[in-house]
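Results of the structural survey
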Amino acid sequence: MRARTMMLVAALVLGAAAPVAAQGSVSRPEPLEVGAVAPDFELPGATRYGVLRDPVRLGDFKGKTVVVAFFPKARTRGCTIQMHTYRDRYAELFRGGREIVLIAISADPVEELAAWARDDEFPFLMASDVGLEVAGKYGAQSGRPGIAARNLFVIGPDGRIAYRAAPFREIDPQAYEELAAAIDRLVPKAAIEAGD
């Protein structure tokens, strides 16, 4: 009788633990869809000139096209390819920062981002999402601790996501052409040139 009671108790304990284990394996949120309102954020920021005094806020760029590029880790091979391509094609892809803002976001400390931006002369904003809170809002968590997924979102002047690449294929030249086409739909080159 005692053995049967012990088996019943064990079955109840295991049965109660199963839902808890299932809850522990939380799935990552899906990346935000095109048309969704981009969540506002405020993060410590950096440029090639150092750590910014004021945080980077998405809301500060209302009325502009903003490219939010989450990336896994500073100075790694794939991320270096991606950021160097952004730098080398900055005038073409991002119109030299005229009406288009590029914010590259990772979980790296802001000081590391500032040092990398200085060393490699990045002409765009970088932001530090150490706790991956913003990555979570955008569905850009990789599933690996402390690492964002390589997801990219183009946010239109209306504050809605106009294009997404999840994941962004940093070594594929076509990925940059697709990004250029998405930006051109929002900010045609002719409109910028007409403003000169």
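To keep things clear, this report deals only with the structure shown in the data block. If you're wondering where the values come from, they're calculated on a predicted model, not measured in any experiment.

**Thoughts on the pattern of salt bridges**
Following the criterion strictly, the structure yields 16 salt bridges and no others. One salt bridge connects E42 with R57, and the closest N-O pair in it is separated by 2.9 Å. With E42 in strand 1 (residues 42–43) and R57 in strand 4 (residues 56–57), the pair connects residues that are 15 residues apart, well separated along the chain. A salt bridge links R75 to E112, with the shortest nitrogen-to-oxygen separation between them at 2.8 Å. Within this pair, whereas R75 is found in the loop between strand 5 (65–70) and helix 2 (77–88), its partner E112 is found in helix 4 (residues 110–120), the two being separated by 37 residues in sequence. Exposure remark for R75: the relative accessible area of 38% places this residue in the partly exposed category. According to the relative accessible area criterion, E112 is partly exposed, its value standing at 28%.

**Observations concerning helix 2**
End to end, helix 2 covers 16 Å across 12 residues, agreeing with the expected 16 Å (1.5 Å per residue, within 8%). Listed in full, the buried residues belonging to helix 2 are G78, C79, T80, Q82, M83, T85 and Y86.

**Thoughts on unusual backbone geometry**
Here the residue pair A166 and P167 is connected by a cis peptide bond, since its omega of 10° sits within 30 degrees of zero. Note on placement: P167 falls in the loop between strand 9 (161–165) and helix 6 (173–186). Its identity is not glycine, yet E99 carries a phi of approximately 70°, on the positive side. With respect to the helices, strands and loops of the structure, E99 is situated in the loop between helix 3 (90–93) and strand 6 (100–106). Given a relative accessible area of 41%, E99 falls into the partly exposed group. Look at E121: it is not a glycine, yet its phi comes out positive at around 55°.

**Here's the deal with the pairing of strand 9**
The sheet contact formed by strand 8 (residues 152–155) and strand 9 spans 4 bridges and is antiparallel. Paired with L152 across the bridge in strand 9 is A165. Where strand 8 folds back onto strand 9 in an antiparallel hairpin, the turn is made up of 5 residues, including G159, whose phi is positive at roughly 85°.

**Some thoughts on the environment of R87**
Among the structural elements, R87 can be located in helix 2. Note: C-alpha distance between R87 and E121 (34 residues apart in sequence) is 7.7 Å. Non-local contacts of R87, meaning those with residues more than four positions away in its chain, are made with D120, E121, F122, P123 and F124.

**Description of the nonpolar core**
A general trend in soluble globular proteins is that nonpolar side chains are found buried together. Within the largest apolar cluster, 34 residues are counted, with the highest numbers of intra-cluster contacts made by V67, M83, Y86, F94, F124, M126 and L152. At the level of secondary structure, the elements contributing two or more residues to this core comprise strand 5, helix 2, helix 3, strand 6, helix 4, strand 8, strand 9 and helix 6. Here M83 is in contact with F71, A104, W116, F122, F124 and M126, once residues within four sequence places are set aside. Residues V56, V66, A140 and I155 belong to the second largest nonpolar core, which totals 25 residues.

Parameters and conventions
- Along each chain, residue indices are assigned from 1 in the same order as the chain's sequence is written.
- Local features in a predicted model are, by the rule used here, given only for residues with pLDDT of at least 70; side-chain atom pairs are given and counted only at 80 or more, and totals for whole chains, interfaces and linings are based on all residues.
- In computing side-chain properties, one takes all heavy atoms of the structure into account and sets aside hydrogens as well as water.
- Put simply, a salt bridge is a Lys or Arg side-chain nitrogen that is within 4 Å of an Asp or Glu carboxyl oxygen.
- A run of DSSP states H or I qualifies as a helix once it reaches four residues; a run of E qualifies as a strand once it reaches two. Both are numbered from the N-terminal end.
- Relative accessibility thresholds used throughout: buried, under 20% of the residue-type maximum; exposed, over 50%; partly exposed, between the two (1.4 Å probe, protein chains only).
- One fewer than the residue count of a helix, multiplied by 1.5 Å, yields its expected span.
- Any two strands between which DSSP finds at least two bridges are classified as paired.
- Whether two residues are in contact is decided by their heavy atoms, any of which lying within 4.5 Å being enough.
- What is meant by a nonpolar core is a set of buried Ala, Val, Leu, Ile, Met, Phe, Trp, Tyr and Cys residues, joined one to another through side-chain atoms within 4.5 Å.

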